[in-house]
Every structure is written in structure tokens, then in C-alpha cells.
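The residues making up each chain are set out below.
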Amino acid sequence: MSSSNISDNSVPATLFLTGIPGLENSHMWIGIPFCAMYMVALAGNAALILVIVTNSALHEPMYLFLCLLSLTDLALSSTTVPKTLAILWLHAGEISFNGCLAQMFCVHSIFALESSVLLAMAFDRYVAICNPLRYTTILNHSVIGRISLAGIFRSIAIGSPFIYLLKRLSYCGHRVMAHTYCEHMGIARLACANITVNVVYGLTVALLVVGLDSLLIAISYIFVLRSIFHLPSRDARSKALSTCGSHLGVILVFYIPALFSFFTHRFGRHSVPKHVHIFLANLYVLVPPVLNPIIYGARTKEIQVQLLRMFHSRKDTV
């Protein structure tokens, strides 16, 4: 190993991402659906953001949180997918160690932020259905801004220690990582030092972010569903169930692939093939950004109406 690739404290200057191990001959073909999904995610989330921002009728808490969700989806997929496609199509796997840490920080921080947004959306549904008369008073724009800032602060506070925990390790020249993007445990396992602290912190973050957020979301929806089934009007029950169904679909799409990837990395490394794990790790940064606009676009009447109006106005101006 040349000295140019290893710094004085045994931290490599560059790392090399190999892509999906065992499927190297199929990298070109795997990149095609990944690219198509990324394009759909970009178009769908950009359209949602445009519709919500440009229509004052959609400046309600539910849609503002949806706009935040689309922004985090765009950030999450754009942090990883371009580099993944460069690896799959151009064999451009080399990345600086600091660049790898930056990507890792963004992936984990944005994941925590998106979890915060989903929790905020669950709280929004709880207030809207369980306390509708005070909905606009409780969730005014000032409160939404504070919730957003709290989510951003929490995500940065969660992601920042990962950088220190990885920089303190010695890597003894190890720089080849079987992955398509940088994430905490993938980098930590390159080290030739004890990584117990990294493992414990990673598990703690998973329990605090995924575990606590999903528990609070579940509790809020228990109250929501109980209130829905006490509504006197059948139409009101149907509308409330449809909206909550969209939210629950988004939540499941976000948490299930992420949890599978997370626990596979820590407990199933020897039982789950490496290429399966890496493939699923890519899906959890691609599937939610693709499906979220489709779920909301297909199930939310107000967004459908505004999208149709936008397209018709564009046709009329042509």
C-alpha cells in the first residue's frame, strides 16, 4: 500500500467502494432500474414540493409536513444514488476518507430527520382527528417551524458523534469496502481496532430514533383510530381512514427496509448473503422517495386536484 493512501494516524486518505459483491457482472444492468427509480423520485418529490409551495390552499400543517418529507427524500436519495450509479456504471469507487465520512453523516442524519418528520406527521393526524377544533391553533406556522428546527438539531446531534467515533480508529491500510455508499458500520469494520463503542452507539441510536419514534407513532395512531371509529358520519370515517392509511403506508415503507438493513448488518452478516444485504441497503434509500409521492398523489384528493390544475394551466399556456 502506498504511503499516499495512508495518513500518519493510520486513517486512509481514500477508500474504495466495490459496489454489490458477487454481482459485479450485473452492475451495468442493476444500475438501470436504480437510475429509473431515482428519476421517478426526483420528478415525483419535486412535483409535490412545487404543488404545495405554489398553492396557498395546501399551506396547511399536513401538507407542509409532506413538503418537508419530500425534501428529506430528495436529500437522502441524492446523497447516495449518484455515487452508486458512478460505481455501477463507471467503476468510480474511489472516495476520499473525509468525503466518505461526509456521505455517512448525511445518510444517518437525513434518516433521523425523516423519522422526525414522520413522527410530526403522526402528531398532526392526532391533533386533526382527536382535537379538530384546536387544530390550527396548536399547529400554527410558528409551531411547525419550531418542530422542523428541533428535528434538524436532533439529526445533527445524532449524526455528529459518528464522525468522531470513526476518526479515532486505526485502519492499518484497510481501504476496500464492499458497499455502494458509506455508512457507519461499513467503515468501522475496516478498522483494526476495537469497535465496541461504535456498535453500542449505533444500537443506541437505532433504539432511540427508530424504536422511540415508531413507538410514539404507534401510540398516536392508536388514539387516532379510536377517535375515527367514534365519528358519527360514515363519510368522515372513510376520509379519515384514507388519510391515515396513506400515512401508515409511508411509515411502513420507510421503517421496514431500514430496520432489515440495520439488523442484518449487525446480527445477520453470516446468515444473509452480502449481496442481498447491500442490495436492500440501496432499496431503503430509494424505495421511500419513489413511493411517497405515489402514495400521496394517488390517495390525497386535494393534491390530485392541484396537480391536474397545474397540468391544465401548463397546456393552456402552450
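Everything quoted here is computed from the prediction, not taken from an experiment.

A look at the overall build of the chain
- Within the chain, the regular secondary structure consists of 10 helices and 3 strands.
- Scanning the chain from its N terminus toward the C terminus, one meets helices and strands in the order β-α-α-β-α-α-α-β-α-α-α-α-α.
- Since a compact globule built from 318 residues should have a radius of gyration of about 20 Å, the 21 Å found for the chain is in line with a globular shape.
- C-alpha atoms of the chain, sized along the principal axes, occupy 70 × 50 × 35 Å.

Points about the state of the cysteines
- This structure, assessed with the given rule, holds 2 disulfides.
- Sulfur-sulfur distance for the disulfide between Cys100 and Cys182 comes to 1.9 Å. Of note, the bridge from Cys100 to Cys182 carries an S-S torsion of about -115 degrees and is left-handed in sense. A residue pair is termed long-range when its members are at least 10 positions apart, and Cys100 in helix α3 (residues 97–130) and Cys182 in the loop between β3 (176–177) and α6 (184–188) qualify at 82 residues.
- Across the disulfide from Cys172 sits Cys192; the S-S distance is 1.8 Å. Between Cys172 and Cys192, the S-S torsion sits near 75 degrees, and that sign places the bridge as right-handed.

Brief notes about the pattern of salt bridges
- The final tally for this structure, using the stated rule, is 3 salt bridges.
- Taking the shortest distance from any N to any O, the salt bridge between Asp124 and Arg125 comes out at 2.9 Å.
- According to the relative accessible area criterion, Asp124 is buried, its value standing at 1%.
- We note a salt bridge from Arg154 to Asp213, for which the minimum N-O separation is 2.7 Å. Residue Arg154 is located in helix α5 (residues 141–167), and its partner Asp213 is located in helix α7 (residues 196–228); the two are separated by 59 residues in the primary sequence.
- Residue classification places Arg154 among the partly exposed residues on the basis of a relative accessible area of 24%.
- We classify Asp213 as buried; its relative accessible area is 1%.

Comments concerning the side chain of Ser220
- Note that Ser220 resides in helix α7.
- What makes Ser220 buried here is its relative accessible area of 11%.
- Apart from residues lying up to four places away in sequence, Ser220 is in contact with Ala122 and Tyr126.

Quick word on the environment of Ala122
- Tracing the sequence through the fold places Ala122 in helix α3.
- We classify Ala122 as buried; its relative accessible area is 1%.
- Taking the C-alpha atoms as reference, Ala122 lies 22 Å from Val51; in sequence the two are 71 residues apart.
- Those residues in contact with Ala122 that sit more than four places away from it in its chain are Ile217, Ser220 and Tyr221.

A closer look at α7
- Between its first and last C-alpha atoms α7 spans 46 Å; for 33 residues at 1.5 Å apiece the expected length is 48 Å, and the two agree.
- Of the residues making up α7, those classed as buried are Asn198, Gly202, Val205, Ala206, Val209, Val210, Asp213, Ile217, Ser220, Tyr221, Val224 and Ile228.

Remarks on the confidence of the model for the chain
- Per-residue pLDDT for the chain averages 85, and the proportion of residues at 70 or more is 92%.
- Within the chain, strand β2 (residues 94–96) carries the highest mean pLDDT (95), whereas helix α10 (residues 301–317) carries the lowest (71).
- Counting interchain partners and residues more than four positions distant, the pLDDT-below-50 stretch residues 1–8 has 12 contacts.

A look at the sheet that holds strand β1 (residues 14–17)
- With mixed pairing, 3 strands are arranged side by side in an open sheet as β2-β1-β3. In this open sheet, the two edge strands, each paired with only one partner strand, are β2 and β3.
- Against the sheet, α3 touches β1, β2 and β3, its axis set at about 85 degrees to β2.

Some points on the pairing of β1
- Examined bridge by bridge, β1 and β2 share 3 bridges and lie antiparallel to one another. Note on β2: the bridge partner recorded for Thr14 is Ser96.
- As defined by bridge partners, β1 adjoins β3 across 2 bridges and the pair is classed as parallel. Paired with Leu17 across the two strands is Met177, which belongs to β3.

Calculation criteria
- Residues numbered from 1 in each chain as written.
- Predicted model: local features only at pLDDT ≥ 70, side-chain atom pairs only at ≥ 80, totals over all residues.
- Heavy atoms only, no water.
- Helix = DSSP H or I, 4+ residues; strand = E, 2+ residues; numbered from the N terminus.
- Rg over C-alpha atoms; globule rule 2.2 N^0.38 Å.
- Disulfide = S-S within 2.5 Å.
- Salt bridge = Lys/Arg side-chain N within 4 Å of Asp/Glu carboxyl O.
- Buried < 20%, exposed > 50% of the residue type's maximum accessible area, 1.4 Å probe, protein only.
- Contact = heavy atoms within 4.5 Å.
- Expected span 1.5 Å × (residues − 1).
- pLDDT = per-residue confidence, 0-100.
- Pairing = 2+ DSSP bridges.
- Axes fitted to C-alpha atoms, helices over the stretch in contact; angles between N-to-C directions.

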